[in-house]
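Coordinate inspection notes
These are the residues of each chain, in order.
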Amino acid sequence: MSAQTSPAEKGLNPGLLCQESYTCSGADEAVFECDECCSLQCLRCEEELHRQERLRNHERIRLKAGHVPYCDPCKGPNGHSPGVKQRAVVRCQTCKINLCLECQKRTHSGGNKRRHPVTVYHVTKVQELLEEEGMDEETKRKKMTEKVVSFLLVDENEEIQVTNEEDFIRKLDCKPDQHLKVVSIFGNTGDGKSHTLNHTFFYGREVFKTSPAQESCTVGVWAAYDPVHKVAVIDTEGLLGATVNLSQRTRLLLKVLAISDLVIYRTHADRLHNDLFKFLGDASEAYLKHFTKELKATTARCGLDVPLSTLGPAVIIFHETVHTQLLGSDHPSEVPEKLIQDRFRKLGRFPEAFSSIHYKGTRTYNPPTDFSGLRRALEQQLENNTTRSPRHPGVIFKALKALSDRFSGEIPDDQMAHSSFFPDEYFTCSSLCLSCGAGCKNSMNHGKEGVPHEAKSRCRYSHQYDNRVFTCKACYERGNEVSVVPKTAASTDSPWMGLAKYAWSGYVIECPNCGVVYRSRQYWFGNQDPVDTVVRTEIVHVWPGTDGFLKDNNNAAQRLLDGMNFMAQSVSELSLGPTKAVTSWLTDQIAPAYWRPNSQILSCNKCATSFKDNDTKHHCRACGEGFCDSCSSKTRPVPERGWGPAPVRVCDNCYEARNSQLGLVKDAARPAYWVPDHEILHCHSCRKEFSVKLSKHHCRACGQGFCDECSHDRRAVPSRGWDHPVRVCFNCNKKPGDL
């Protein structure tokens, strides 16, 4: 029985000293009370005394704060029941016994005992204990709830108002290891939900605010702890109230329902309206569809020792009438619950998620309302642990937090569906495919867990997004689905060899398993379309904020230019001449047919200035002739030559015919997923503003524009068709695996 006293236990009863003086001489604070020794004992005396064989089995208790011992000789005088002891008011130091007031008068009011020294116990504490022992059970329960207060748990914007698990427990004012259940209330605004909770759990005290005003007195979700029934009581905002953010507030109700063990639906209507059945039916469907999976995931993710039940709470419909009979009064042979199930079926609603639905009615001929029947029904349901067991308050908070993290965010007005209280739009991802407009079928915030967007329907092709994906037909027929993209060169070719083969045989389609399966100019004539021979085409959805659909299949020209730059840099180590020669030759391989070849351009077509080896030759996109920089510095759109609406380089003569703006060779070669130059004003990473001195560079992985400092890394991007190291930005370079 003996144990070391922790520092926290010292000073609990500073007025109670050891009554034995066996080891401590009566100077130490009392820690134990031994009923058979009839004394309070310090730690040392208790240990030494009960080492003796005859005292070893004595029953001792550890003292709590404010402890007052019982009277030793009292066995029930003054009308008390036999065997019931009174609390002591003094201790006789000579007789070494505790005495109540009556026993002190009876045994120590005369003779020598009147002079015995006594220790007086704390009078106020004795009176409190005496008062408590004289209370009936109902009064004791009422006293337990005197200090209960409510607090805002979730506001009208679905924001949890407690910072963490510890803050939740502190505001509830319960012990962290206390097992409890959750009771919540729903109903239309003005039906007296807060009033019902106050009288059912807190004996009429206004724990939850009530008001006679027209405006709703409950905004958001409020909670309080009932120490009598060991439940967390939750008050919710009324339905059908004129509020903003109606969709989000309705979704909030289902989150509360999901963490509840028992739900009260309060109605003050003389007859049960269809809204009641539609609300519960829609709540059941949404709970099964969206919340059961998340509750299971929360159990695994948070490592909870108490599994969160995937079966919904029990429901009690509390129906108060004034002028009409209660449900079932005119059908004595049928129980009200049977009539409720029939109403659900007639409305096409099936409350399968709830563990049970009960009806409790009361007819109020003269106020106040009688809540005793509801209280008894609640107590009976709270004792039933077959479906949902009590759990620690921390588990309740984690479940609410998980549901709030998953199902949060604004709900656009155009997604509101008024045919259901809880439409899918309240809980599913709001992203729409940019190509076909189909919505994502996954739950909200699924991206946080790495789950990609998905749609129920197939997508349609959009030229704007070029949302086609090629897969190898041979692999598909063998049961594998392998994506392929057209490239300038096979992955096994060096940049030199790949460019040479491209100039001769055109672009390639390479499968990781089958190797090169197609070359666009392999036979120079009679080549069949790859879609008809070696690849399958799949149309994929285009989701906002993602770039998976932008794996362009037609950026061979830009890849060739990148490879050309690589070769030119390699040759430049030898001399500038070979660099220009290689550049001119490769440019001629991809030049439009109407361009004059570089080898034939010896002088500027306008000013007739002869070109030297180091001079740059420029082609006018309109006429195709060669010019010096001064004579071809103007730009304008040349759509008739296939350059699209973007401004490109033209000579002065062509510009005078039709004026316009900007362009370069790479305008024709830019992949579709690259952000256009005229839209790039700042570096996508460091936000530096581009100028004449600060050049723009495209990341070959994401297609955004960066300065050189933020995109100096080189890495292969096979998903875009770049098998050899090319420019990538700092962020893409940090991504693990293949790009």
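Residues numbered from 1 in each chain as written. Predicted model: local features only at pLDDT ≥ 70, side-chain atom pairs only at ≥ 80, totals over all residues. Heavy atoms only, no water.

**Overview of the overall build of the protein chain**
- On a plain count of helices and strands, the protein chain comes out with 19 helices and 27 strands.
- Going through the 739 residues of the protein chain one by one, you find that 45% of them count as buried.
- Put simply, of all contacts in the protein chain between residues at least 6 apart along the chain, 59% involve residues at least 24 apart.
- Here the protein chain displays about 38,600 Å² of accessible surface, and carbon together with sulfur accounts for 50% of that area. (Helix = DSSP H or I, 4+ residues; strand = E, 2+ residues; numbered from the N terminus. Buried < 20%, exposed > 50% of the residue type's maximum accessible area, 1.4 Å probe, protein only. Contact = heavy atoms within 4.5 Å. Areas by Shrake-Rupley, 256 points an atom, 1.4 Å probe, with all protein chains shown as cover.)

**Considerations on the sheet that holds strand β9 (residues 221–226)**
- Strand order in the open sheet formed by seven strands is β7-β9-β10-β8-β11-β12-β13, with mixed pairing between adjacent strands. Here the strands that pair on one side only, and so sit at the sheet edges, are β7 (151–154) and β13 (354–363). Pairs of neighbouring strands in the sheet enclose a mean axial angle of 25°, with direction left out of account. (Pairing = 2+ DSSP bridges. Axes fitted to C-alpha atoms, helices over the stretch in contact; angles between N-to-C directions.)

**Section: the pattern of salt bridges**
- The full count for this structure, using the stated rule, is 23 salt bridges.
- Of the charged contacts in the structure, one is a salt bridge between Glu-47 and Arg-51, with a shortest N-O distance of 3.5 Å.
- The residue Lys-634 makes a salt bridge to Asp-652 at a minimum N-O spacing of 3.7 Å. You can see Lys-634 sitting in strand β22 (residues 634–637) and its partner Asp-652 sitting in helix α17 (residues 652–657), a full 18 residues away along the chain. (Salt bridge = Lys/Arg side-chain N within 4 Å of Asp/Glu carboxyl O.)

**Focus on the packing of helix α6 (residues 193–201) against helix α10 (residues 372–382)**
- With their axes 9 Å apart at the nearest point, α6 and α10 run at an angle of 70° to one another. If you check the angle between α6 and α10, you find them roughly perpendicular. Two secondary-structure elements touch here, α6 through Thr-196, His-199, Thr-200 and Phe-201 and α10 through Leu-374, Arg-375 and Leu-378. (Parallel < 35°, antiparallel > 145°, perpendicular 65-115°, else oblique.)

**Things to note about the nonpolar core**
- One finds Leu-153, Phe-168, Phe-186, Ile-234, Leu-257, Leu-280 and Ile-317 to be the most contacted residues of the largest nonpolar core, which totals 50 residues.
- The element best represented in this core is helix α8 (residues 274–302), accounting for eight residues.
- The residues contacting Leu-280, other than those within four sequence positions of it, are Tyr-265, Val-315, Ile-317, Phe-344 and Phe-354.
- Grouped together as the second largest cluster of nonpolar side chains are 21 residues, Phe-208, Val-233, Ile-264 and Phe-318 included. (Core = buried A, V, L, I, M, F, W, Y, C linked by side-chain atoms within 4.5 Å.)

**Description of unusual backbone geometry**
- A cis amide bond links Pro-367 to the next residue, Pro-368, at an omega of 5°.
- Structurally, the position occupied by Pro-368 is in the loop between β13 and α10.
- The backbone phi angle of Lys-230 is positive, close to 60°, even though this residue is not glycine.
- Relative to the helices and strands, Lys-230 is located in the loop between β9 and β10 (231–235).

**Things to note about the side chain of Glu-320**
- Position of Glu-320 among the secondary structure elements: in strand β12 (residues 312–321).
- Here the side chain of Glu-320 touches Thr-369 through a polar contact of 2.7 Å, side chain to side chain.
- Ignoring sequence-local partners within four residues, the contact set of Glu-320 consists of Arg-266, Thr-267, His-268, Ala-269, Thr-362, Thr-364 and Thr-369. (Polar contact = N/O pair within 3.5 Å; in protein donor to acceptor, adjacent residues only side chain to side chain.)

**Some words on the environment of Arg-205**
- Mapping Arg-205 onto the fold places it in the loop between α6 and β9.
- Taking the relative accessible area as the measure of exposure, Arg-205 reaches 29% and is therefore partly exposed.
- When the C-alpha atoms of Arg-205 and Lys-147 are compared, they prove to be 9.9 Å apart, with 58 residues separating the residues in sequence.
- When neighbours within four sequence positions are excluded, Arg-205 is seen to be in contact with Thr-145, Glu-146, Lys-147, Val-148 and Asn-198.

**Re the packing of helix α5 (residues 165–172) against helix α11 (residues 393–406)**
- Contact geometry for α5 and α11: axes closest at 9 Å, N-to-C directions at 120°. Relative to α11, the element α5 is oriented oblique. Crossing of α5 over α11 shows right-handed handedness. Counting all contacts with α5, which are made through Glu-165, Phe-168, Ile-169 and Leu-172, the residues of α11 involved are Pro-393, Gly-394, Ile-396, Phe-397 and Lys-398.
- Of the residues in the contact of α5 with α11, the class split is six nonpolar, one polar and two charged. (Left-handed = near helix turned anticlockwise from the far one by under 90°. Nonpolar A, V, L, I, M, F, W, Y, C, P; charged D, E, K, R; others polar.)

**Here we look at α10**
- Of the positions making up α10, those classed as buried are Gly-373, Leu-374, Arg-375, Ala-377, Leu-378, Gln-381 and Leu-382.
- Elements that come into contact with the buried residues of α10 comprise β8 (181–187), α6, β10, β11 (262–267), β12 and β13.

**With respect to the side chain of Asp-167**
- For Asp-167, the position within the fold is in helix α5.
- Here Asp-167 falls in the buried class, since its relative accessible area comes to 9%.

**Some remarks on the confidence of the model for the protein chain**
- Residues with a pLDDT of 70 or more make up 73% of the protein chain, whose mean pLDDT is 76.
- Across the protein chain, β10 holds the top mean pLDDT of 94, while helix α15 (residues 556–572) sits lowest at 50.
- Every residue in residues 1–12 scores below 50 in pLDDT, and together they form 24 contacts with partners more than four places removed in sequence or on other chains.
- Taken together, the stretch residues 413–422 has pLDDT below 50 and engages in 20 contacts with residues farther than four places along the chain or on a different chain. (pLDDT = per-residue confidence, 0-100.)

**Regarding the state of the cysteines**
- Applying the stated criterion to the full structure yields zero disulfides.
- Residue Cys-607 stays outside any disulfide, its sulfur separated by 3.6 Å from that of Cys-604, the closest cysteine.
- Not engaged in a disulfide, the cysteine Cys-620 finds its nearest cysteine sulfur in Cys-623; these two sulfurs lie 3.6 Å apart.
- Judged by its relative accessible area of 0%, Cys-620 is buried. (Disulfide = S-S within 2.5 Å.)

**Thoughts on α6**
- Here α6 lies mainly inside the structure; seven of its nine residues are buried.
- Turning to α6, its buried residues number three or more, namely Lys-193, Ser-194, Thr-196, Leu-197, Asn-198, Thr-200 and Phe-201.
- Where α6 is buried, its residues contact β8, β9, β10, β11, β12 and α10.
- Following α6 by one or two positions, Tyr-203 adopts a phi angle in the positive range, close to 55°.

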